[in-house]
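Coordinate analysis (summary)
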Amino acid sequence: ELGFCWSLTSIEPEIGLEGTDTINSQFLENDGLFTADLENLLFDTIYNFRAFGILGERIFYGNTLSSRTTLLQLTVENSSINDYQSVNIVGSILGLGQKVNELSDHGLCWSSTETYTTLELRDSLISLGAKKSNGIFEELISDLEPDITYYFRSYAIDKESDKVFYSDPLTFTINDVWVPRSSLGKDVADTSGSSFSLSPRRHKAIAFPYGDNIYVGTGVFFFLNREKFEDIGFRNDFYKYSPTLDTWTRVDSFAWASRVECTSFKINNEVYVGLGSRIDTEDPFAPPTLLYNDFKVFDGDSWQDGGIFPGLSRTGTISFVQNGKAYIGLGKDEFGNNVPEIWQFDPNESLGNQWELFTVVGEELALDNAVSIVANKKVYIGLGKTSTSFKKSFYQFDVGSKQWISIQSFPGLPRSSAIAFVLEGRLYVGSGEGGGRTGQEGITSNFNDFFEYDPESNAWKEITALRGQVRDEAVAVSLDNRAFVGTGLSTFGQTGLQFGLSQDDWYEYIPERKN
């Protein structure tokens, strides 16, 4: 026989001792534990508990555990998957009618410090008024800051004695949310006139971090209304975003031809931007009429000539940096063919000798508009589109051996033109364009779903979807353990493409932090 005995008066309660109550428990064979639920205890009262076991005529006792019961219980739950400032607090009052018959006030108090939150030591408080009966209370707490740990306690004040009772503290952090930040070019873009194309909205842009700021530029804008292009414009303007101030500044434009789907990499404290394409028609879905093979170099202040890429001109490429060298490749050539080459750039070589063909891949790896990203000094490449289909495969690419090592496939629908960023060694991949969601032959869909990949466990998990509209051809940037996503193209239509609009919104992702 197993169970528990408890007492208000004896420090060592025993079976049969006056003032001692007992309850039997069932032995749990799996882990050797046994439990029991005790009901109708007095609140705010110290009880002394001991476990016991009976074997034959012998009784064995455990050590004494003293514990004070509480008047209040408190739980917390997120109020909305997309709400980055609010949580829903649910509490309960259990002990009225025992030592306390009526409350003059009850409510919630919280703070962002680790000290025990009280009515005197708190950041904020919500009073819910007097109460005469036990029950549940619920309140939506707003205007909280994401990525900050809050310490919540519920309180109750005895009307007769003015004594204050508190629940145990409960900690909560708002995370796995997308926080809206200032939209691209806000307050500094040239928006004179009525044309949409004068706004900073765009897709197929380029974005990169430099110093303490993020730079976004190039791309194309269009507005499609019921299959009629109301406005279209290619971009060469650039904007600088300060994550600290949440502000945008207009900077020197890309001093060469406006273009889309450029590629970029940073090496030796210089950012190289190049390649890309342009369409000289009013149909932005037409094949590119001009592909570029030049590179420009940004040093934080101005643009300089960065030389000519010797391989095939292309668009929709991947790029990454490993061991002091840059690599670009794949994509699509001027004839619409997927290119299987990856090239290596060595900035320490003399002009004319900096580029060399690094490797040629097979047809299944010749991807257009794939994603490439470096995490924990390892290169990851995935998604994209072959000559025949969208893909969901993902690989770790070993530069030293030129080997493609398969990792767990992306769990969302196959897609291209997705975006990716890294936080705390984990990959975040989402958005993009793919087939299958509409169920209509030849009709593609935009996405806003996002997934996190943990290299340590080789596992993906779905996170909160990107706020705003579904989109593809957006940009994503990580800087100082913060990640930002924005711009892109949102298209809609039940029987085909009827509406489309480039975006200028900008979001920061707050992840569930590692312990």
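Counting restarts for each chain: residues are numbered from 1 in the order of the written sequence. Local features in a predicted model are, by the rule used here, given only for residues with pLDDT of at least 70; side-chain atom pairs are given and counted only at 80 or more, and totals for whole chains, interfaces and linings are based on all residues. Side-chain descriptors were evaluated using all non-hydrogen atoms of the structure, hydrogens and water having been removed beforehand.

**Considering the nonpolar core**
Our working definition: We define the nonpolar core as a collection of buried residues of types Ala, Val, Leu, Ile, Met, Phe, Trp, Tyr and Cys that are connected through side-chain atoms lying within 4.5 Å of one another. Remark: exposure states derive from per-residue accessible area (1.4 Å probe, protein chains only) relative to the maximum for the residue type, with buried under 20%, exposed over 50%, and partly exposed in between. Helix and strand definitions follow DSSP, with helices as H or I runs of at least four residues and strands as E runs of at least two, each counted in order from the N terminus.
By size, the foremost hydrophobic cluster in this structure holds 25 residues, and its most contacted members are Leu-71, Val-87, Trp-110, Ile-141, Leu-144 and Phe-152. Of all the secondary-structure elements, those providing two or more residues to this core are β7 (87–93), β8 (103–111), β10 (135–141), β11 (149–158) and β14 (177–181). The next biggest cluster of nonpolar side chains, apart from the first, holds 17 residues, and it includes Tyr-327, Ala-366, Ile-381 and Trp-404.

**Quick word on the confidence of the model for the chain**
As a note on interpretation, predicted positions should not be read in detail where pLDDT is low. Formally: Scored from 0 to 100, pLDDT reflects the predictor's confidence in each residue. Residues are treated as being in contact if the distance between any of their heavy atoms lies within 4.5 Å.
Taken over all residues, the pLDDT of the chain has a mean of 88, while the share at 70 or more is 89%. Taken together, the stretch residues 192–197 has pLDDT below 50 and engages in 12 contacts with residues farther than four places along the chain or on a different chain. Long-range and interchain partners of residues 437–441, a stretch whose pLDDT sits below 50, account for 11 contacts in this model, where long-range means more than four residues apart.

**Describing the packing of aromatic side chains**
Rule in force here: We call Phe, Tyr and Trp rings a pair once their centres come within 6.5 Å, taking the six-membered ring for Trp, and we label the pair stacked below 30 degrees between planes, edge-to-face above 60, and tilted otherwise. Comment: the charge-over-ring label is applied if NZ (Lys) or CZ (Arg) is within 6 Å of the ring centre and within 35 degrees of the ring normal.
A complete count under the given rule lists 42 aromatic pairs for this structure. With a centroid separation of 6.0 Å and 40° between ring planes, the pair formed by Trp-110 and Phe-152 is classed as tilted. Separated by 42 residues along the polypeptide, Trp-110 in strand β8 and Phe-152 in strand β11 bring together distant segments of the chain. Classification of Phe-152 by relative accessible area gives buried; the value is 1%. Here the aromatic rings of Phe-309 and Trp-355 are separated by 5.0 Å at their centres, their planes lie at 80°, and the arrangement is edge-to-face. With Phe-309 in the loop between β26 (303–308) and β27 (318–322) and Trp-355 in strand β30 (residues 355–360), the pair connects residues that are 46 residues apart, well separated along the chain. Of the residues examined, Trp-355 reaches a relative accessible area of 14% and is grouped as buried. Within the aromatic cluster, the residues linked to one another by ring pairs are Phe-265, Tyr-272, Phe-295, Phe-309, Trp-343, Phe-345 and Trp-355. We note Arg-259 situated over the ring of Tyr-292; from NZ or CZ to the ring centre the distance is 4.1 Å.

**Concerning the sheet that holds β14**
Cut-off, in case you're wondering: Here a strand pair is declared whenever DSSP counts at least two bridges between the two strands. Each axis is a line fitted through C-alpha atoms, and for a helix only the stretch in contact is used; angles between axes span 0 to 180 degrees, taken between their N-to-C directions.
Ordered in space as β14-β45-β42-β41, the four strands form an open sheet in which the pairing is antiparallel. For this open sheet the edge positions go to β14 and β41 (475–479), each flanked by a neighbour on one side alone. When the angles between neighbouring strand axes are averaged without regard to direction, this sheet yields 30°. Of the strand pairs in this sheet, β14 and strand β45 (residues 506–510) are connected by five bridges, and their pairing is antiparallel. Counterpart to Val-177 in the pairing with β45 is Ile-510.

**Focus: the sheet that holds strand β36 (residues 426–430)**
On the basis of which strands lie adjacent, the open sheet formed by four strands has the order β35-β36-β39-β40 and antiparallel pairing. The sheet is open, and its two edges are formed by β35 (419–423) and β40 (459–463), each paired on a single side. Direction aside, neighbouring strands of the sheet carry axes that sit 25° apart on average.

**Thoughts on the environment of Val-87**
Here Val-87 shows up in strand β7. Sequence separation between Val-87 and Thr-173 is 86 residues; the distance between their C-alpha atoms is 9.4 Å.

**Topic: the pattern of salt bridges**
Definition in use: We define a salt bridge as a side-chain nitrogen of Lys or Arg found within 4 Å of a carboxyl oxygen belonging to Asp or Glu.
Under the criterion given, the structure shown has 21 salt bridges. The closest approach of N and O atoms between Arg-513 and Asp-147, which form a salt bridge, is 2.9 Å. With Arg-513 in the segment after β45 and Asp-147 in the loop between β10 and β11, this residue pair connects regions lying 366 residues apart in the sequence. A salt bridge links Asp-449 to Arg-415; the shortest N-O distance between them is 2.7 Å. Within this pair, whereas Asp-449 is found in the loop between β38 (444–446) and β39 (450–454), its partner Arg-415 is found in the loop between β34 (403–406) and β35, the two being separated by 34 residues in sequence.

**A closer look at the pairing of β27**
In terms of burial, β27 is a largely internal element, four of the five residues being buried. Connecting β27 to the next strand, strand β28 (residues 325–329), in antiparallel fashion are two residues, including Asn-323 with a positive phi near 55°.

**Details of the side chain of Thr-464**
Our working definition: Nitrogen and oxygen atoms within 3.5 Å of one another constitute a polar contact, given that in protein one can donate a hydrogen and the other can accept it, and given that sequence-neighbouring residues count only through two side-chain atoms.
Tracing the backbone shows Thr-464 in the loop between β40 and β41. When its relative accessible area of 3% is taken as the criterion, Thr-464 is described as buried. Of the polar contacts made by the side chain of Thr-464, one reaches the backbone oxygen of Asp-176; its length is 2.7 Å.

**Comments concerning the environment of Pro-200**
Tracing the backbone through its elements, the reader meets Pro-200 in the loop between β14 and β15 (206–210). Overall, the relative accessible area of 5% leaves Pro-200 in the buried class. Along the backbone, Pro-200 and Gly-185 are 15 residues apart, and their C-alpha atoms lie at a distance of 6.0 Å.

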